[in-house]
Amino acid sequence: MYPSAARLAHLSPPQRAAFSVSSRLITCLVAESLLRAVYFPLSDVTAVGFAIVLLDDPTSNAVPTSLLPSGLFAVIPLQHVPILSDASSFSTAKPISLLDPLDMVPLIFIVSEDQMHAQLVLNEFNNECQHVKLAAAISRTLENCGWFKQTAFEPCWDPVHLWNIYAHYANLESPSTNEIANEIASSLRWQTYSFQNPAKAPQFMSPNIEWEQSIIEGHPTHPMHKTRSFLPPLPDYVPENCDLYQSNLRFAVVPKVQLKVTNDFEYFMKPVVDLASRLAGEWPAIAEDRMIVPVHRLQVEHILNKFPDVEILSEKYMVPIVAQQSIRSVLVPNAFVDRSLKLAVGLKLTSTVRTISPEAAYLGPRFSSQVVPYLQLDPNIVTVVRELASVVHAHLDGEIAKHCAAIVREDHESTYNQRGERLIVCTALVESGHAGEGGDLPAVIRIFKLDTEEKRLDWLDKFVRIFLMAFLPSVLYNGVAFECHPQNCLARFDQRTKEIRGFVVRDYGGLRVHPETLRATTGVIFDCLPGHSIVAPSLDDVYKRMYHTVIHNHLQQLIRVLGLHYSGQGWRIVRKHLMDIVPKGHGLYKMWLSPDSSMVESKCFLRMRMVGMSRFHLHSPVPNLIHYCGSCDSQNLQNPAMGMNEGAEARSNQPAA
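All values reported here derive from a predicted model rather than from experimental measurement.

**Some words on the overall build of the protein**
Inference 1: Check the secondary structure of the protein and you find 22 helices and 29 strands.
Inference 2: When burial is assessed residue by residue, the protein has 61% of its 657 residues classed as buried.
Inference 3: Long-range contacts, defined here as pairs at least 24 residues apart, represent 74% of the contacts in the protein between residues at least 6 apart.
Inference 4: Total accessible area on the protein is roughly 25,400 Å²; 50% of this is exposed by carbon and sulfur atoms.

Next up, the structure:
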């Protein structure tokens, strides 16, 4: 589970934020093989062991026999044993294959150059958490291994400092180093504000927009998970002066010859224009050769700066909007009932500028009408949000055109509310730290009263079964993978029984489509602009992307939050349902379920950011979590077993041999 409230209680919001960002940075450095980490068991009441992250050859799998303090990046006490690369050895230290923020005690040590300063810093936390004793225990363990002698450690509450240590070690170029440092600093600033001003704990019957706006932390492993970087000509707003969830819609008047329009965009926008007219008491005369394009308030300066022929209507025509989790997708109260808008915003969230590319504007309505109806999907358990119409500027430079764009898409909350179902965005289910009674508990445990392991197992079993039944068929039969990570998925629950009924999936930006398989199984010729990033060169590429989205991102965090990871029971449930759904001779079985597939390729957030990639992905091998069978305890060394075969299923909770 998340670090307990007791473990976090002694930390101030800035310190909690520092750990939130730093732990994700370390997770990426290790998972992407940029640095390597080694696990040591520890006989201490506050930690089962600790990880040391090394500044050395990340491709080596050997445990060093000696080490100087200068070769140490960080030391992290662990409340749970991470996934280790050598499951058969019981030596003192083990290489770490996968380190997750939820493995960690909320404390990160670095080597101190001044023993007296380190002692003063540690003494500030010499309370129930016993940081001084913990640092001493770690030092003794390392001394006994012959690595260090009389080395002082101090807590590090500065993720930018950690990044700079790595950037110096890796000899990265200054522009990239500074940009990433600024984004990490932004993530720290906005995460601090989120901890200082937590959203109220949503209730089961709260409208989905309250769930969308209840996010305290967000992405579980991205080091820029809370970055809000405002691109010039915008100033760099501080959180106190910029409410991204409550904003306003402005209107641009654009020559029609400068626009690429798909479907009747003006028809779908009429209720919004009518609302603006009522609020202003009038509507200006718009020439026949001009078209109204909705613009986010934060995008006005970008429009004026990049498109000299575009006029922005005065502020009296503003319309209030409320943002979903992604910020750029918004509801328009009193105008749209079953519609929403996706807008271009010149704002970098995580490591991507949240605009709408010409490729995305072209694809959405066409994929909705030409592909979705023919996919192998069960309409009773999965609904794909259709994109109904779009507009994008015709500027020859797509990097400029993407700043003037909008998409109208469906919103299904009212439909399912009438059917007696409640929609909840899946990201919000794993969030904790809300204001109000029970807000310290993850929402999934609080809302569904999962106060025993039996209840959590039963809930997860039903969730995973329907989730995989919803999203795997189009992969298995059509070569089409939806990006069904928690932000894109809304879970449907029965309002009376709270039972899971199905899912709604939205957004096509992260689709993976193998056109040849799609055509062979549906007869549909995939229509997209040349070079679109969603086109998969092979089916293996589809399966690889699906693994990252479904297993590494969505289900992993849910299983960990439910407390079903380290026992292996959560992954046993995943394996059971995968074995029921995936045919044994299928390519997906070979990549995900074969006993030989101990490692899989997963998305590299940090490597991609370091080379400036966002639309196309880089991957690195990580342990295949589907095969994780839990951990056993031998003299305080918990040894995760990664092997799985058909016989392992019969052994249930026992570790693989």
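Still more ground to cover, so stick around.
**What about the environment of Ile184?**
Inference 1: For Ile184, the location among the structural elements is in helix H6 (residues 174-196).
Inference 2: Judged by relative accessible area, Ile184 falls into the buried class, the value being 0%.
Inference 3: With sequence-adjacent residues up to four places away left out, Ile184 is seen in contact with Val21, Leu25, Pro159, Val160 and Trp163.

**Thoughts on the nonpolar core**
Inference 1: Membership of the largest hydrophobic core comes to 140 residues, with the highest contact counts inside it found for Phe367, Phe463 and Trp592.
Inference 2: Those residues within four positions of Phe463 in sequence are excluded, and the remaining contacts are Cys426, Leu429, Ala491, Ile500, Phe503, His554, Leu555 and Leu558.
Inference 3: By size, the runner-up hydrophobic cluster in this structure holds 44 residues, among which are Ala37, Ile76, Ile110 and Trp163.

**What to know about the pattern of salt bridges**
If charged atoms from side chains of opposite charge come close, those side chains can pair.
Inference 1: Counting across every chain of the model gives 25 salt bridges.
Inference 2: Measuring nitrogen to oxygen at the nearest pair gives 3.2 Å for the salt bridge that ties Arg24 to Glu217. Of this pair, Arg24 sits in helix H2 (residues 13-31) while Glu217 sits in the loop between helix H7 (208-212) and strand S8 (228-230), and the two are 193 residues apart along the sequence.
Inference 3: Two residues, Glu183 and Lys348, come together in a salt bridge whose shortest N-O distance is 3.0 Å. One end of the pair, Glu183, is in helix H6; the other, Lys348, is in strand S16 (residues 347-349), and 165 residues separate them in sequence. Of the two residues, Glu183 and Lys348, neither departs from the other in class, the shared state being buried.
Inference 4: Through salt bridges with shared partners, a single ionic network connects Glu179, Glu183, Lys348 and Arg609.

**Overview of helix H5 (residues 159-170)**
Inference 1: A rise of 1.5 Å per residue sets the reference length of H5, with its twelve residues, at 16 Å; its end C-alpha atoms lie 16 Å apart and thus fit the reference within 8%.
Inference 2: Buried positions along H5 lie against H2, strand S3 (72-78), strand S6 (109-111), H6 and helix H21 (605-610).
Inference 3: In the segment just after H5, Asn171 is the residue with positive phi, at about 55°.

**Some words on empty space enclosed by the protein**
To find leftover empty space, one rolls a probe the size of a water molecule over the atoms.
Inference 1: Counting across every chain of the model gives five cavities of 30 Å³ or more.
Inference 2: For the largest cavity, the calculated volume is near 140 Å³.
Inference 3: Along the walls of the largest cavity sit 17 residues, with Thr27, Ala31, Thr221, His552 and Lys603 positioned nearest its centre.
Inference 4: Here the residues of the lining of the largest cavity sort into seven nonpolar, seven polar and three charged.
Inference 5: Both domain 1 (6-184) and domain 3 (417-627) contribute no fewer than three residues apiece to the lining of the largest cavity.
Inference 6: Looking at the lining of the second largest cavity, the elements with two or more residues in it are H7 and strand S20 (405-410).

**What about the sheet that holds strand S24 (residues 500-505)?**
Adjacent strands of a sheet form backbone hydrogen bonds with each other and so pair up, either parallel or antiparallel.
Inference 1: Ordered by their spatial adjacency, four strands build an open sheet running S18-S24-S23-S21, and the pairing between neighbours is mixed. Since the sheet does not close on itself, it has two edges, and those belong to strand S18 (382-384) and strand S21 (421-425), each with one partner. Between one strand and the next, the sheet's axes are offset by a mean angle of 25°, whatever the strand orientation.
Inference 2: Bridge count between S18 and S24: three bridges; the pairing is parallel. Paired with Val382 across the strands is Phe503, a residue of S24.
Inference 3: Along the sheet face, helix H15 (residues 453-471) touches S18, strand S23 (489-494) and S24 and points at about 45° away from the line of S24.

**Regarding the packing of H5 against H6**
Inference 1: In the contact formed by H5 and H6, the axes pass within 9 Å of each other and the chain directions differ by 160°. When the interaxial angle is binned, H5 and H6 end up roughly antiparallel. In the packing of H5 onto H6, the handedness of the crossing is right-handed. Contacts between H5 and H6 involve Pro159, Val160, Trp163, Asn164 and Ala167 from the first element and Thr177, Ile180, Ala181, Ile184, Ala185 and Leu188 from the second.
Inference 2: For the contact of H5 with H6, the per-class residue count stands at nine nonpolar, two polar and no charged.

**Structural notes on the sheet that holds S16**
Inference 1: With respect to topology, three strands assemble into an open sheet ordered S8-S16-S17, the strand pairing being antiparallel. Edge positions in the sheet fall to S8 and strand S17 (352-353), since each of these pairs with one other strand and no more.
Inference 2: In this sheet, S17 lies alongside S16 in antiparallel orientation, the contact comprising two bridges. What sits directly across from Lys348, in S17, is Val353.

**Things to note about a negative patch on the surface**
Inference 1: Residues Asp264, Glu266, Glu288 and Asp289 make up a contiguous surface patch of negative charge.
Inference 2: Looking at where Asp289 falls in the secondary structure, it is placed in the loop between helix H8 (265-280) and strand S11 (290-296).

**A look at the pairing of S23**
Inference 1: Most of S23 is tucked away, with six of its six residues classed as buried.
Inference 2: Neither face of S23 is exposed, since Cys489, Ala491 and Phe493 on one face and Leu490, Arg492 and Asp494 on the opposite face are all buried.
Inference 3: Where S23 and S24 come together, five bridges link them in antiparallel fashion. Of the residues in S24, the one forming a bridge with Leu490 is Val504.
Inference 4: Linkage of S23 to S24, two consecutive antiparallel strands, is achieved through a turn of five residues, within which Lys498 is found at a positive phi near 65°.

**Section: the side chain of His393**
Inference 1: Along the chain, His393 turns up in strand S19 (residues 387-393).
Inference 2: A polar atom in the side chain of His393 sits 3.0 Å from the backbone nitrogen of His395.

Cut-off values and rules
Residues numbered from 1 in each chain as written. Predicted model: local features only at pLDDT ≥ 70, side-chain atom pairs only at ≥ 80, totals over all residues. Heavy atoms only, no water. Helix = DSSP H or I, 4+ residues; strand = E, 2+ residues; numbered from the N terminus. Buried < 20%, exposed > 50% of the residue type's maximum accessible area, 1.4 Å probe, protein only. Contact = heavy atoms within 4.5 Å. Areas by Shrake-Rupley, 256 points an atom, 1.4 Å probe, with all protein chains shown as cover. Core = buried A, V, L, I, M, F, W, Y, C linked by side-chain atoms within 4.5 Å. Salt bridge = Lys/Arg side-chain N within 4 Å of Asp/Glu carboxyl O. Expected span 1.5 Å × (residues − 1). 1 Å grid on protein atoms, 1.4 Å probe; cavity = no way out; pocket = protein on both sides within 12 Å on 5 of 7 lines; lining within 4 Å. Points joined across faces, edges and corners; volume = space filled by probe spheres on them. Nonpolar A, V, L, I, M, F, W, Y, C, P; charged D, E, K, R; others polar. Domains from an automatic or database assignment. Pairing = 2+ DSSP bridges. Axes fitted to C-alpha atoms, helices over the stretch in contact; angles between N-to-C directions. Parallel < 35°, antiparallel > 145°, perpendicular 65-115°, else oblique. Left-handed = near helix turned anticlockwise from the far one by under 90°. Patch = residues over 30% accessible without salt bridge, like charges linked within 9 Å, V, L, I, M, F, W, Y side chains within 5 Å. Lys, Arg positive; Asp, Glu negative; His and termini not counted. Charge placed at Lys NZ, Arg CZ, Asp CG, Glu CD. Polar contact = N/O pair within 3.5 Å; in protein donor to acceptor, adjacent residues only side chain to side chain.

Everything listed is a geometric property; what it means functionally is a separate question.
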